Amino acid sequence: MNASSACNTSIATNHADTDNKAALHFPIYLDYSATTPVDPSVAAKMCAYLTEKFGNPASSSHSFGWEARAAVEKARKQVAGLVGAQTAEIVWTSGATESNNLALKGAAHVLRERGRGKHLVTVSTEHKAVLDTMHTLERDGFEVTYLQPGSDGLITTAQFTAALRPDTLLASVMMVNNEIGVIQPIAELGEICAGRGIVFHVDAVQAAGKIPIDLRRLKVDLMSFSAHKVYGPKGIGALFVRHNPDLTLEAQIDGGGHENGMRSGTLATHQIVGMGEAFALAALLQEEESARIRLLHERLWEGLRVLPGVLLNGSAEQRIPNNLNLSFDLVGEVSVAGQLLDIAVSAGSACNSANAAPSYVLSALGRSDALARNAIRISLGRYTTMEEIDYTVATLRQLLQSQPIAA
Ligand SMILES: *Cc1c(COP(=O)(O)O)cnc(C)c1O
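Everything numeric in this text was worked out from a predicted model, so none of it was measured. (Residues numbered from 1 in each chain as written. Predicted model: local features only at pLDDT ≥ 70, side-chain atom pairs only at ≥ 80, totals over all residues. Heavy atoms only, no water.)

1. Re the overall build of the chain
Selection criterion: Every helix listed is a DSSP run of H or I at least four residues long, and every strand listed is a run of E at least two residues long, numbered separately from the N terminus. Throughout, the radius of gyration refers to the C-alpha atoms, and the reference size of a globule is 2.2 Å times the residue count to the power 0.38. When accessible area is computed with a 1.4 Å probe and restricted to protein chains, residues below 20% of their type maximum are described as buried, those above 50% as exposed, and intermediate ones as partly exposed. By definition in these notes, contact holds between two residues if any of their heavy atoms fall within 4.5 Å. For the area figures, the Shrake-Rupley method with a 1.4 Å probe applies, and any residue is considered shielded solely by the protein chains shown. Counting rule for charge: Lys and Arg are taken as positive, Asp and Glu as negative, and neither His nor the chain ends is counted. Note on charges: their place is set at NZ of Lys, CZ of Arg, CG of Asp or CD of Glu.
From N to C terminus, the chain includes eleven helices and 13 strands. The C-alpha atoms of the chain give 22 Å as radius of gyration, which agrees with the globular expectation for 407 residues (22 Å, within 12%). If one aligns the C-alpha atoms of the chain with their principal axes, the spans along those axes are about 65 × 60 × 35 Å. The burial tally for the chain puts 55% of its 407 residues in the buried class. Partitioning the intrachain contacts of the chain with sequence separation of at least 6 by distance along the chain shows that 73% fall at a separation of at least 24. When the accessible area of the chain is evaluated, it comes to approximately 17200 Å², of which 53% is carbon and sulfur surface. A gap of 2 Å separates the mean positions of the 34 positive and 41 negative side-chain charges of the chain.

2. Quick notes on helix 11 (residues 386–401)
An α-helical turn contains 3.6 residues, so a residue and the one three or four places further along point in the same direction. To keep things clear, this is the line we draw: Expected helix span is computed as 1.5 Å times (number of residues minus one). To be clear, the arc concerns the directions from the helix axis to the C-beta atoms.
Over its 16 residues, helix 11 extends 22 Å from the first C-alpha to the last, a length consistent with the 22 Å expected when each residue adds 1.5 Å. The set of residues buried in helix 11 consists of Glu 388, Ile 389, Thr 392, Val 393, Thr 395, Leu 396, Leu 399 and Leu 400. All buried residues of helix 11 lie within an arc of 165° about the axis, which places them on one face of the element. Residues of helix 11 that are exposed and point over 90 degrees away from its buried face: Gln 398 and Gln 401.

3. Remarks on the nonpolar core
What counts, and what does not: The term nonpolar core refers to a set of buried residues drawn from Ala, Val, Leu, Ile, Met, Phe, Trp, Tyr and Cys, joined through side-chain atoms within 4.5 Å.
The biggest cluster of nonpolar side chains holds 53 residues, and the ones touching the most others in it are Trp 92, Phe 160, Met 175, Ile 213, Met 223 and Phe 225. Core analysis: the second largest hydrophobic core is formed by 28 residues, Ile 28, Val 310, Val 393 and Leu 400 among them.

4. Re the sheet that holds strand 7 (residues 222–226)
Stated formally: Any two strands between which DSSP finds at least two bridges are classified as paired. Orientation is described by axes fitted as lines to C-alpha atoms, over the contacting stretch for helices, and by angles from 0 to 180 degrees between their N-to-C directions.
What the seven strands build is an open sheet, ordered 2-8-7-6-5-3-4; its pairing is mixed. The open sheet is flanked by strand 2 (90–93) and strand 4 (143–147), the only strands paired with a single partner. Across the sheet, the axes of successive neighbouring strands diverge by a mean angle of 20°, strand direction being ignored. Direction of pairing for strand 3 (residues 119–123) relative to strand 4: parallel, over a ladder of five bridges.

5. Observations concerning the pairing of strand 6 (residues 199–203)
Successive side chains on a regular strand alternate, one facing one side of the sheet and the next facing the other. Here strand 6 lies mainly inside the structure; five of its five residues are buried. The two faces of strand 6 match: Val 199, His 201 and Asp 203 on one face and Phe 200 and Val 202 on the other face are all buried. Of the strand pairs in this sheet, strand 5 (residues 168–172) and strand 6 are connected by three bridges, and their pairing is parallel. When the bridges of strand 6 are listed, Leu 170 appears paired with Val 199.

6. A look at the site of the ligand
Threshold: Definition of nearness: a residue and a molecule or strand are near each other if at least one heavy atom of the residue lies within 4 Å of the molecule or strand. Think of a polar contact as two N or O atoms within 3.5 Å of one another; within protein, one of them needs to be a possible hydrogen donor and the other a possible acceptor, and neighboring residues in sequence only count if both atoms come from side chains. Classification used: nonpolar for Ala, Val, Leu, Ile, Met, Phe, Trp, Tyr, Cys and Pro, charged for Asp, Glu, Lys and Arg, polar for all others including Gly.
Every residue lining the ligand is accounted for by Gly 95, Ala 96, Thr 97, His 127, Met 174, Asn 178, Asp 203, Val 205, Gln 206, Ser 226, His 228 and Lys 229. Residue Asp 203 places a side-chain N or O atom 2.6 Å away from a nitrogen atom belonging to the ligand. Tallied by class, residues from the shell around the ligand come to three nonpolar, seven polar and two charged.

7. Things to note about the domain arrangement of the chain
Going by this rule: For the purposes of this description, domain bounds are those given by an automatic or database domain assignment. Here the quantity called buried area is the accessible surface, traced with a 1.4 Å probe, that two parts lose on coming together, added over both. Definition used for salt bridges: Asp or Glu carboxyl oxygen within 4 Å of a side-chain nitrogen of Lys or Arg.
Taken domain by domain, the chain comprises domain 1 (24–38 + 286–401) and domain 2 (44–48 + 87–266). For domain 1 versus domain 2, the distance between C-alpha centres works out to 27 Å. Taken together, the contact between domain 1 and domain 2 spans 29 residues of the former and 34 residues of the latter. Summing both partners gives a buried area of about 2500 Å² for domain 1 against domain 2, and 53% of it is carried by carbon and sulfur. The interface formed by domain 1 and domain 2 contains zero salt bridges.

8. A word on the pattern of salt bridges
Oppositely charged side chains are able to pair whenever their charged atoms sit close together. On inspection of all chains with the given rule, the structure shows 17 salt bridges. Among the ionic pairs, Glu 73 bridges to Arg 69, the shortest N-O distance being 2.7 Å. Of this pair, Glu 73 and Arg 69 both sit in helix 2 (residues 63–83), separated by four residues, roughly a single helical turn. When its relative accessible area of 32% is taken as the criterion, Arg 69 is described as partly exposed. Among the ionic pairs, Glu 277 bridges to Lys 74, the shortest N-O distance being 3.6 Å. With Glu 277 in helix 7 (residues 269–305) and Lys 74 in helix 2, this pair connects stretches of sequence that are 203 residues apart. In this structure, a network of salt bridges that share partners links the residues Arg 69, Glu 73, Arg 76 and Glu 259.

This is the structure in structure tokens:
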């Protein structure tokens, strides 16, 4: 890599492309659904935009501005390219939390003013950035239906259709769930929405770079993305806004009218360059990387499924290979996450204490409080090695075989 001296791009993760004898580095990172390291090649490209090419992309009277603007537009094309969007349909935000806020609040208010109703539909297992935005909209006088998924974490098209009303103006369903990795039937739901003139928003943060997304085919109006789940930097995201004169969004941040009036604020050129490069890299690597991770996932699941008390959360078929969410049916207050000292995974609850609130996603699947609390999300990524998977299986095997199993 040719990182400039201004940035140290070495990372502590185990590189997949090093030889098999590579020693394990601890702690092992298996929490790629929470965030990913910036790919070193991406970090290297960002650096010049901090120090030398620092112009404001809105400065139209000199070359510093032109250079920054060109970088921003190249990145817009790269992000659009991964998902089959047109370049002009990508709006920069500070991350997917903001993208979700802009999509839902921005569309709901405009549609209500046009007399299109006040009802919205979403799913109870969405990310908090959608659920909490929906709660705010309820306080603003909107009515929201929260669909309950089945025990596999999925909603059905029949269930979705049954929830729609004549005054439904917007629906929001995530493509891939961040906790359990299941894939919702977005193509079918989009067709249903399009047939009824309902604006359809999709949080695709956990899908981008992992499964193909083609917005030329999907009947989706608004789609949220984040860079830091795809080996890009934190603090930058995008919202796809389909080109359609009927689809306008009310800005949530007022100011200089950047991004076609949808999102004011000086564009963070270095972050945007990072997101663009990360998405371009994902487009290049996606197929090969998914295949490699699928093999690691199979090895992990085959090693763990035979252990007593291990339960898979979410559909075994409709899922991305990067995610394995497990509950442990054990006697007593043993927290498996709390004992995985040298492996970084997500716990089923906000913290590991026995009285922490269980995961609302696992509860929605019908898991008991005990099973929803004693859960871990193992998420694999670009730098995960076979050795790390084998170590994880061996560690969990040792841990679980010393535990009494619930009757
Ligand atoms: C991480 C995540 C978000 C939030 O994205 P940020 O860029 O961190 O604000 C939203 N939705 C899903 C599904 C996520 O996994």
